[in-house]
Amino acid sequence: MRDVSSRREAERLSLVRRIKDKLFLVILVVLSMAAFLPLFHIVASILYYGGWTLLRGGLSFLVDTPPSPLSSNLGGIGPALVGSAVLVFLTVILGLPLSFMAAVFTVEYPNTLVARVTKLVCRSFTEIPTVLIGVLSYTLVVIPMGRFSALAGAVALAIVMVPYSYTYMEESLASIPRTYREAAYSLGLTRPRAVFSVFTRIARRGILTGVLIGLAKAAGETAPLLFTIGGLRHAYFNGPDHPVGAIPLLIYEFALTPYRVYREVAWGAALVLIAIYLVIFVVLRRTVREVRM
Amino acid sequence: MRKLLAMVIAALAILVFLFSFSFRNEGKKAAEVIIRGSGSTFLQPQLEAWIQGFLKDFKNVSIEYQGVGSGAGQEQFFKRLTDFCGSDPPLSRQTWERYRGKVLQLPIILGAVAVVYNVPELKDRCLKLDGRVLALIYLGRIEYWDDPMMRELNPGLDLPHRRITAVHRSDASGTTQIFTTFLHEAAPDLWPSDLVGKTVNWPVDGKGRGVGGKGNPGVVAALKSTEYSVGYVELEYAYREALPVAAIKNRDGNFVLPSVEAIQEAAKNALPDLPEDPSEDFSSELQAIVYAPGNGSYSITAFSHVFIRTTYSKEKTWVVREFIRWICERGSGYVVEGYVPVPEEIRNIDLRALDLVRSG
């Protein structure tokens, strides 16, 4: 008798536990859905509306110049696409060496004053409103040059990018185990050689993620471009020291107007922007494999 | 290490390729002239339509315009980063004094602010409002739709006993400036001049019956989601969203809806108070056109402007002149919905600018 009742008791308890377990799982799923739902909604509506635009415009949507609000013709985002590509390239040229060198320096010489200041400044820079960075570049680059330029935009975007890239790179370099560092030095490698041939390769995935996160942050920014690149619609490219267009700027300008053709172009441009991100992310993450330790 | 070197070389090669565009352009400077403007976001779609029309007629020139806001546009124009500026308000007297003789202000197009409302009982029936009642609503002193003053203005309408929610812009906006100027002009005893401006401390907010919306789309969204609300938006948004528009009592006592003719008539009747020459001071122009006299004038109307310099380089002088001439002569055929072309009398002011622009 006692045996049966204790078994029942145990079954009851295990049932309660299983219910609790399931309940917890359900709550987790619901909560994560709630977190993802707005994001999913954004992506879904961009896919839906942008998809229609791309279907209507076809390939020429990627090539043509933007339409007039009077036209029923969709036109395209050619100049903005070229401008964004140039901006991303220049931003990487400026931002990648800067953030990489800063990361190497703070990892290799962690106790110097300069390294500590660099670390502090870089980490706190992520909090600066990007429109201020745009104004900074406007004052330091645009006004002395006397005109808007892709260069001024890239300077602003690089300042946006560096803190993010730096943080990732620094963390991945710092997480290389001590034994690997000592092994490198025991081979008689000089410090630069050890950094570039061994540490960089071990941390390559983290470094790459740093570049990508920084770039993704920078490439989607509108505020730093507003006062720096000047915009270009009726030509494609006149050189890095001349004004260019950019996709985020085009979306910002067109999405806020009441005109249908402008809004359609803005949706299409948003879809193109997301598609470019996805392709870059997937391809780069696949080609650079993680180093197992 | 070798990989890194290859990447650096590839990057340098792309950089050289990009800069080659700059040098190619230096060579054919005479062939292609680009003039550049920035400023008002309200003007941007209209200017874009004009620019594309103009570029169809003229080859080897290009015009670029970026909507960054009237204030930023003026700053860039005076820093000589741009060749022209689109601005909703005219220059303040102070700024005009500083650049006197160097800058021309052209009233280039008309826009209007529509008073819109969301009262389910009224459906498509047109509400009549005047400046005094609107001022009292935004002061929070008229609380219900069936207030005696409202019923007096709308004898035929069956107004519900519901609280009025007053929707306004939450961001700094020229639309707010025009609307509050109207309230001040039409009811100076109720609406003081320190409640006129791009951002206003709305008294109705203090009574808990005011709602702010960011941009015209924000006001439209707030109005649509709040029954028994009233608000003001750029005319185009009222059309586009098919919102009911109120008829506004003008200075001559007639209730007028914002139509092309009514808006142009306001501009014509503002003419006696406007300078005759684009080099003069336009700073009191808004007070002249808002609540203008005239039988059929729509009261909440305003100009938008293009500012140009009096001197340019030789090639740019030609482009700027031709562009202004083209807008005056052919621009009315390229007017985008929501804008109203300026009447001929105003066009004559703009055409006078052609004689004032010199190369040098």
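About the criteria used
Residues numbered from 1 in each chain as written. Chains lettered and ligands numbered in written order. Predicted model: local features only at pLDDT ≥ 70, side-chain atom pairs only at ≥ 80, totals over all residues. Heavy atoms only, no water. Helix = DSSP H or I, 4+ residues; strand = E, 2+ residues; numbered from the N terminus. Rg over C-alpha atoms; globule rule 2.2 N^0.38 Å. Contact = heavy atoms within 4.5 Å. Areas by Shrake-Rupley, 256 points an atom, 1.4 Å probe, with all protein chains shown as cover. Lys, Arg positive; Asp, Glu negative; His and termini not counted. Charge placed at Lys NZ, Arg CZ, Asp CG, Glu CD. Axes fitted to C-alpha atoms, helices over the stretch in contact; angles between N-to-C directions. Parallel < 35°, antiparallel > 145°, perpendicular 65-115°, else oblique. Left-handed = near helix turned anticlockwise from the far one by under 90°. Core = buried A, V, L, I, M, F, W, Y, C linked by side-chain atoms within 4.5 Å. Buried < 20%, exposed > 50% of the residue type's maximum accessible area, 1.4 Å probe, protein only. Patch = residues over 30% accessible without salt bridge, like charges linked within 9 Å, V, L, I, M, F, W, Y side chains within 5 Å. Salt bridge = Lys/Arg side-chain N within 4 Å of Asp/Glu carboxyl O. Pairing = 2+ DSSP bridges. Buried area = accessible area lost by both parts, 1.4 Å probe. Polar contact = N/O pair within 3.5 Å; in protein donor to acceptor, adjacent residues only side chain to side chain. Nonpolar A, V, L, I, M, F, W, Y, C, P; charged D, E, K, R; others polar.

Quick look at the overall build of chain A
On a plain count of helices and strands, chain A comes out with 11 helices and 0 strands. Along the chain direction, N to C, the helices and strands of chain A fall in the order α-α-α-α-α-α-α-α-α-α-α. Against the globule reference of 19 Å for 293 residues, chain A gives a C-alpha radius of gyration of 25 Å, more extended than a compact globule. Considering only C-alpha atoms, chain A reaches an extent of 90 × 60 × 35 Å along its principal axes. For chain A, restricting intrachain contacts to residue pairs at least 6 apart in sequence, the fraction spanning at least 24 positions comes to 72%. Counting only carbon and sulfur atoms, one obtains 69% of the accessible surface of chain A, whose full area is about 15,900 Å². Of the side-chain charges in chain A, 28 are positive and 15 negative, and the distance between the mean point of each set is 5 Å.

Points about the overall build of chain B
Of the regular secondary structure elements, chain B holds 14 helices and 14 strands. By principal-axis analysis of the C-alpha atoms, chain B measures approximately 80 × 60 × 35 Å. Across chain B, every contact between residues at least 6 apart in sequence was considered, and the portion connecting residues at least 24 apart equals 76%. For chain B, the accessible area works out to roughly 15,400 Å², and carbon and sulfur atoms hold 51% of it. When the 41 basic and 43 acidic side-chain charges of chain B are each reduced to a single mean position, those positions are 8 Å apart.

Observations concerning the packing of helix H6 (residues 178–186) of chain A against helix H7 (residues 191–202) of chain A
Residues and elements named next belong to chain A. At a minimum axis distance of 10 Å, the contact between H6 and H7 shows a crossing angle of 140°. Classified by the angle between their axes, H6 and H7 sit oblique to one another. For the pair H6 and H7, the sense of crossing is right-handed. When H6 is examined against H7, the residues Tyr180, Arg181, Ala184 and Tyr185 are found in contact with a partner set consisting of Arg191, Ala194, Val198, Phe199 and Ile202.

Some thoughts on the nonpolar core
If you look at soluble globular proteins, the nonpolar side chains tend to sit buried side by side. Counting 74 residues, the largest nonpolar core has Tyr138 and Trp145 of chain B as the members making the most contacts within it. Not counting residues within four places of it along the chain, the set of residues in contact with Trp145 of chain B comprises Tyr117, Val119, Leu127, Met150, Leu159, Pro160, Arg162, Arg163, Ile164, Tyr228, Ser229 and Val230 of chain B. With 54 residues, the next largest nonpolar core counts Ala80, Ile247 and Leu273 of chain A together with Ile63 of chain B among its residues.

Topic: a nonpolar patch on the surface
The grouping of Phe36, Leu39, Ile42, Val43 and Leu47 of chain A at the surface amounts to a nonpolar patch, some 480 Å² of accessible area in total. Within the secondary structure, Phe36 of chain A is located in helix H1 (residues 2–57).

Description of the sheet that holds strand E10 (residues 255–256) of chain B
The strands that make up a sheet are held in pairs by hydrogen bonds between backbone atoms, and each pair lies either parallel or antiparallel. Residue and element names in this part refer to chain B. Here 3 strands make up an open sheet; going across it, the order is E5-E9-E10 and the pairing mixed. Looking along the sheet, the strands with just one partner apiece sit at the ends: strand E5 (128–129) and E10. Strand direction decides the pairing type here: E5 and strand E9 (residues 247–249), joined by 2 bridges, are parallel. Across the sheet, residue Leu129 finds its bridge partner in E9, namely Ile248.

Some details on the pairing of strand E4 (residues 103–118) of chain B
All names here are of chain B. Taking burial as the measure, the 16 residues of E4 include 16 buried ones, the bulk of the element. Here E4 runs beside strand E11 (residues 301–309); their pairing, made up of 9 bridges, is antiparallel. Along E11, the bridge assignment pairs Gln105 with Phe307.

Here we look at the interface of chain B and chain A
Contacts between chain B and chain A engage 42 residues on the former and 42 residues on the latter. Summed over both partners, the interface of chain B with chain A comes to about 3,500 Å²; 61% of that surface belongs to carbon and sulfur atoms. Taking the shortest distance from any N to any O, the salt bridge between Arg233 of chain A and Glu48 of chain B comes out at 3.0 Å. Counting the contacts that link chain B with chain A gives 15 residue pairs in polar contact (both at pLDDT 80 or more). Among the secondary structure elements, those contributing two or more residues to the side of chain B that touches chain A are helix H1 (2–27), strand E1 (33–39), helix H2 (44–57), strand E2 (61–67), helix H3 (70–78) and helix H10 (235–240) of chain B. A per-element tally of the side of chain B that touches chain A places H1 of chain B first, with 10 residues.

A few points about the packing of helix H13 (residues 314–330) of chain B against helix H14 (residues 344–356) of chain B
Residues and elements named next belong to chain B. Between H13 and H14, the shortest axis-to-axis distance is 9 Å and the interhelical angle comes to 160°. Our classification of the angle between H13 and H14 gives roughly antiparallel. Viewed along their axes, H13 and H14 form a crossing whose handedness is left-handed. On H14, the residues that touch Arg321, Ile324, Arg325 and Cys328 of H13 are Arg347, Asp350, Leu351 and Leu354. Of the residues contributing to the contact of H13 with H14, the split by class is 4 nonpolar, no polar and 4 charged.

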